[in-house]
Amino acid sequence: MNVQQKPIPAVDIVSRRDAGSGWHAQIPDDKAMLRAARDLTKDIAAHRADIYWPDMIGSALAGYAALAGAILVDGVPVAVALAALSVLALYRALLFIHEISHFRNGALPGFRAAWNAFVGIPMLTPSFMYEQVHTLHHKRTQYGTIEDPEYLPLALMKPWSLPAFVLIALLAPAALLLRFAVLVPLGAIIPPIRRLTWQRLSALAINPEFRRRPPEGDLTRRVLLQELGGMLWSWALIGSVFAFGWKPLLVAFAVASVVALLNQLRTLVAHLWENEGEAMTVTAQFLDSVNVPPPGRIAELWAPVGLRYHALHHLMPSMPYHSLPEAHRRLVAELEAESSYHGANHPGMAVLVARIARSTMRPRG
């Protein structure tokens, strides 16, 4: 197949950005790129159980084993090293929640339930917190608007907003423990608390204006089971202090806080965050999103489970994570240098953070 890619007419990203608000809405769809993404990847669209299951279970086991070691050893350097390993492994295991949010048509039977029992509930982040939430971020007419739960124009905000956005993630484990140990049982008997908890504290969202709607379909039953599991586990965590002292819980909280911090840093560079609320074309959404492809390898640590190809994921949301590297290779090989596809590829986290930070410092009329 030979895809003839023409440059998008009249699209100069720098000049449009400097021209003021609404520049994203002016980017037309690159139909050749969209067609190539569809046609070149049909044969790699199946979710492979032989990859998903060992990856998820192996990551979780490694994370829990390293966490146990960090709790039990006496030497500080060894404990810190084990805690760091636990962070990376549990972070990878946790990010399968992103894949689960895109499952459809019975993909990988049993995987969601196993992940929740093995990872989601122990880390107080069951899959209902992302299901029927993350897909709103992918809706053509909602991405980057006030209705997008996962979008803020961070690049257009004040400079102090970036460190505040990142550091607030350190409070996530305490907030989740409060939610499941206190608010869930209170909400069972006090409807206003239940409504508030569901609308404001039941979604992995960064948009403070987002209010979650009631669950639909099969998710309703899963929410009840997962909230019950989270409540019982949160009480067990609190009770563990009386049985084992404070050290195990504090070490686990420290690891969970760093996992949340790492995920927030990844979120910070998942997009360029330059849209001001207008509806955008698919190509505009793609160019506002980020790929950090090889040759660099460190991105696989801070953006695992396919998330280093986040822009490509926005082109093909249902593509399994293990197929994204091959899809990227095919598109790079097939599309010409003028293709807008190459405009979403970036060298690394540091460059992206610097870009967003510079944008927050730009004077605005």
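Here the structure is a predicted model, which means the values were calculated and not measured.

Colleague: Explain the overall build of the protein to me, using residue names and the numbers behind them.
Modeller: Check the secondary structure of the protein and you find 17 helices and zero strands. For a compact globule of 365 residues, the expected C-alpha radius of gyration is about 21 Å, and the protein comes in at 21 Å, within 12% of that figure. Out of the 365 residues in the protein, the part that is buried amounts to 49%. Taking contacts inside the protein between residues at least 6 apart in sequence as the whole, the part at least 24 apart equals 75%. Summed over all atoms, the accessible surface of the protein reaches about 17200 Å², with 66% contributed by carbon and sulfur. Of the charged side chains in the protein, 33 are positive and 27 negative, and the gap between their average positions amounts to 4 Å.

Colleague: Outline the nonpolar core, listing residues and values.
Modeller: Judged by nonpolar contacts, the single largest core of 73 residues is most densely connected at Phe 111, Trp 115 and Leu 312. In this view, Trp 115 contacts Met 56, Ala 93, Leu 94, Phe 96, Ile 97, Ile 100, Gly 120, Thr 125, Pro 126 and Ser 127; residues no more than four positions away in its chain are not counted. Core analysis: the next-biggest nonpolar cluster, separate from the first, contains 14 residues, Leu 124, Phe 180, Met 231 and Leu 249 among them.

Colleague: Tell me what's going on with the packing of helix H4 (residues 76-94) against helix H12 (residues 246-268), and back it up with residues and numbers.
Modeller: Closest axis-to-axis distance for the H4/H12 pair is 9 Å, and the angle between their directions is 55°. As judged from the angle between their axes, H4 and H12 are oblique. As H4 runs across H12, the sense of the crossing is right-handed. Mapping the contact onto sequence places Ala 83, Ser 86, Val 87, Leu 88, Leu 90, Tyr 91 and Leu 94 in H4 and Val 255, Val 258, Val 259, Leu 262, Asn 263 and Arg 266 in H12. Classifying every residue of the contact of H4 with H12 by side-chain character gives ten nonpolar, two polar and one charged.

Colleague: Before we move on, could you go through the confidence of the model for the protein and cite the residues and values that matter?
Modeller: When pLDDT is averaged along the protein, the result is 91; 92% of the residues meet or exceed 70. Every residue in residues 1-21 is under pLDDT 50, and counting partners more than four places away or in other chains gives 40 contacts.

Colleague: If you had to explain empty space enclosed by the protein to someone new, which residues and values would you point to?
Modeller: If you walk through the whole model with that rule in mind, you get two cavities of 30 Å³ or more. When its volume is computed, the largest cavity comes out at roughly 40 Å³. Around the largest cavity, the lining residues are Arg 266, Val 269, Ala 270, Val 290, Val 292, Trp 302, Ala 303, Leu 307, Arg 308 and His 310. Partitioned by chemical class, the residues of the lining of the largest cavity number seven nonpolar, one polar and two charged. Within this model, the second largest cavity holds a volume of roughly 30 Å³.

Colleague: Before we move on, could you go through the layout of surface pockets and cite the residues and values that matter?
Modeller: By volume, the second largest pocket amounts to about 360 Å³. Residue lining of the second largest pocket: 14 residues in total, with Gln 132, Leu 136, Gln 142, Phe 210 and Arg 213 positioned closest to the centre. Residues that form the lining of the second largest pocket fall into these classes: four nonpolar, three polar and seven charged.

Colleague: Provide a residue-level description of the packing of aromatic side chains, including the pertinent values.
Modeller: One pass over the full model with this rule turns up 13 aromatic pairs. Every member of this aromatic cluster is reached through a ring pair, and the members are Tyr 52, Trp 53, Phe 96, Phe 103, Phe 111 and Tyr 321. If you follow Arg 179 out to its NZ or CZ, it ends over the ring of Phe 180, 4.7 Å from the centre.

Colleague: Explain the pattern of salt bridges to me, and be specific about the residues and the numbers.
Modeller: Any two side chains of opposite charge can pair, given that their charged atoms come close. Under the criterion given, the structure shown has 14 salt bridges. Of the charged contacts in the structure, one is a salt bridge between Arg 355 and Glu 274, with a shortest N-O distance of 3.4 Å. You can see Arg 355 sitting in helix H17 (residues 349-360) and its partner Glu 274 sitting in the loop between H12 and helix H13 (282-287), a full 81 residues away along the chain. According to the relative accessible area criterion, Arg 355 is partly exposed, its value standing at 24%. Residue Glu 274 is classed as buried on the basis of its relative accessible area, which comes to 5%.

Colleague: Account for unusual backbone geometry, with residues named and values stated.
Modeller: Going from Pro 294 to Pro 295, the amide bond is cis rather than trans, its omega being 25°. With respect to the element layout, Pro 295 can be found in the loop between H13 and helix H14 (299-302). Of note, the phi angle at Leu 124 is positive, near 55°, even though the residue is not glycine. Locating Leu 124 in the fold gives a position in the loop between helix H6 (111-120) and helix H7 (134-137). Overall, the relative accessible area of 5% leaves Leu 124 in the buried class.

Colleague: Now, about helix H11 (residues 219-244): what can you tell me, with residues and values included?
Modeller: Under the 1.5 Å per step criterion, the end-to-end length of H11 is 36 Å for 26 residues, consistent within 8% with the ideal 38 Å. Bending of H11 peaks at approximately 30° at the position of Ile 238. Taken together, the buried positions of H11 are occupied by Leu 219, Val 223, Gln 226, Glu 227, Gly 229, Gly 230, Met 231, Ser 234, Leu 237, Ser 240 and Val 241. Buried residues in H11 make contact with H6, helix H9 (172-189), helix H10 (191-201) and H12.

Thresholds, definitions, all that
Residues numbered from 1 in each chain as written. Predicted model: local features only at pLDDT ≥ 70, side-chain atom pairs only at ≥ 80, totals over all residues. Heavy atoms only, no water. Helix = DSSP H or I, 4+ residues; strand = E, 2+ residues; numbered from the N terminus. Rg over C-alpha atoms; globule rule 2.2 N^0.38 Å. Buried < 20%, exposed > 50% of the residue type's maximum accessible area, 1.4 Å probe, protein only. Contact = heavy atoms within 4.5 Å. Areas by Shrake-Rupley, 256 points an atom, 1.4 Å probe, with all protein chains shown as cover. Lys, Arg positive; Asp, Glu negative; His and termini not counted. Charge placed at Lys NZ, Arg CZ, Asp CG, Glu CD. Core = buried A, V, L, I, M, F, W, Y, C linked by side-chain atoms within 4.5 Å. Axes fitted to C-alpha atoms, helices over the stretch in contact; angles between N-to-C directions. Parallel < 35°, antiparallel > 145°, perpendicular 65-115°, else oblique. Left-handed = near helix turned anticlockwise from the far one by under 90°. Nonpolar A, V, L, I, M, F, W, Y, C, P; charged D, E, K, R; others polar. pLDDT = per-residue confidence, 0-100. 1 Å grid on protein atoms, 1.4 Å probe; cavity = no way out; pocket = protein on both sides within 12 Å on 5 of 7 lines; lining within 4 Å. Points joined across faces, edges and corners; volume = space filled by probe spheres on them. Phe/Tyr/Trp six-rings, centres within 6.5 Å; stacked < 30°, edge-to-face > 60°. Lys NZ or Arg CZ within 6 Å of the ring centre and 35° of its normal. Salt bridge = Lys/Arg side-chain N within 4 Å of Asp/Glu carboxyl O. Expected span 1.5 Å × (residues − 1). Bend = angle between axes of the 7 residues up to and from the residue.

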